Every structure is written in structure tokens, then in C-alpha cells.
Amino acid sequence: MNQIDTVLTLIARKHLGIDTLQTRHADSLDFHDVAVWCLKDALEAAFKAGVELGASSQKATEADIAKD
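The text that follows walks through the structure, step by step, so that each part is easy to find. (Residues numbered from 1 in each chain as written. Predicted model: local features only at pLDDT ≥ 70, side-chain atom pairs only at ≥ 80, totals over all residues. Heavy atoms only, no water.)

### Here's the deal with the environment of Arg-13
As for its placement among the helices and strands, Arg-13 is situated in helix 1 (residues 3-16). In this structure Arg-13 comes out as partly exposed when scored by relative accessible area, which is 45%. It is 9.5 Å that separates the C-alpha atoms of Arg-13 and Ala-42, two residues lying 29 residues apart in sequence. When residues no more than four places from it in sequence are discounted, the contact partners of Arg-13 are Ile-18 and Asp-19. (Helix = DSSP H or I, 4+ residues; strand = E, 2+ residues; numbered from the N terminus. Buried < 20%, exposed > 50% of the residue type's maximum accessible area, 1.4 Å probe, protein only. Contact = heavy atoms within 4.5 Å.)

Okay, here's the thing in C-alpha cells:
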């Protein structure tokens, strides 16, 4: 599982009560009723995680881009 999948799974567990984001081929396991405020919280957490991940990753310089 890559870093993004791990973060998304943690957000799904914490905010949505969903144990896994893997498809399990059963409606009762793959479809969930979610309150809009929980969905909003999950989206905010995902956005913040993306901002933090982006800020911590190395930014490409113009020289790096020109090499490609």
C-alpha cells in the first residue's frame, strides 16, 4: 500500500467508519450510508493531508524541468 492509499484509508476509518477502501464485491461491504458532515470532515482531512504531503515533497526546479 502506498503512502496516499494509507492516508486515505486512515481518513475513511476515522471520519466515515469504513474499514477498507478495497473493493470486496458485496453491496453490503462496498456501499455505505455517510452523513454529509462526516463526508465534509473526510474531504477536509484529505485536502489537508494533500497540502502537507505536497509541502514536504521536493519541488522541481526550472533546471530539473529543463533536463526532461
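Back to the text.
### A short note on the pattern of salt bridges
Applying the stated criterion across every chain yields a total of 1 salt bridge. In this structure, Glu-44 engages Lys-40 in a salt bridge whose closest nitrogen and oxygen atoms are separated by 3.1 Å. With Glu-44 and Lys-40 both in helix 3 (residues 36-56) and 4 residues apart, the pair spans about one turn of that helix. (Salt bridge = Lys/Arg side-chain N within 4 Å of Asp/Glu carboxyl O.)

### Quick look at the packing of helix 1 against helix 3
Where helix 1 meets helix 3, the closest approach of the two axes is 9 Å, and the angle between their N-to-C directions is 150 degrees. Classed by the angle they form, the pair helix 1 and helix 3 counts as roughly antiparallel. The chirality of how helix 1 crosses helix 3 is right-handed. Of helix 3, the residues touching helix 1 (which contributes Gln-3, Ile-4, Val-7, Leu-8, Ile-11, His-15 and Leu-16) are Cys-38, Leu-39, Asp-41, Ala-42, Ala-45, Ala-46, Ala-49 and Leu-53. Residues that form the contact of helix 1 with helix 3 fall into these classes: 12 nonpolar, 2 polar and 1 charged. (Axes fitted to C-alpha atoms, helices over the stretch in contact; angles between N-to-C directions. Parallel < 35°, antiparallel > 145°, perpendicular 65-115°, else oblique. Left-handed = near helix turned anticlockwise from the far one by under 90°. Nonpolar A, V, L, I, M, F, W, Y, C, P; charged D, E, K, R; others polar.)

### Topic: a nonpolar patch on the surface
A cluster of nonpolar side chains, contributed by Ile-4, Leu-8 and Leu-21, occupies part of the molecular surface with about 260 Å² of accessible area. Here Leu-21 is to be found in the loop between helix 1 and helix 2 (27-30). (Patch = residues over 30% accessible without salt bridge, like charges linked within 9 Å, V, L, I, M, F, W, Y side chains within 5 Å. Areas by Shrake-Rupley, 256 points an atom, 1.4 Å probe, with all protein chains shown as cover.)

Shape is all these values report; function is a separate question.
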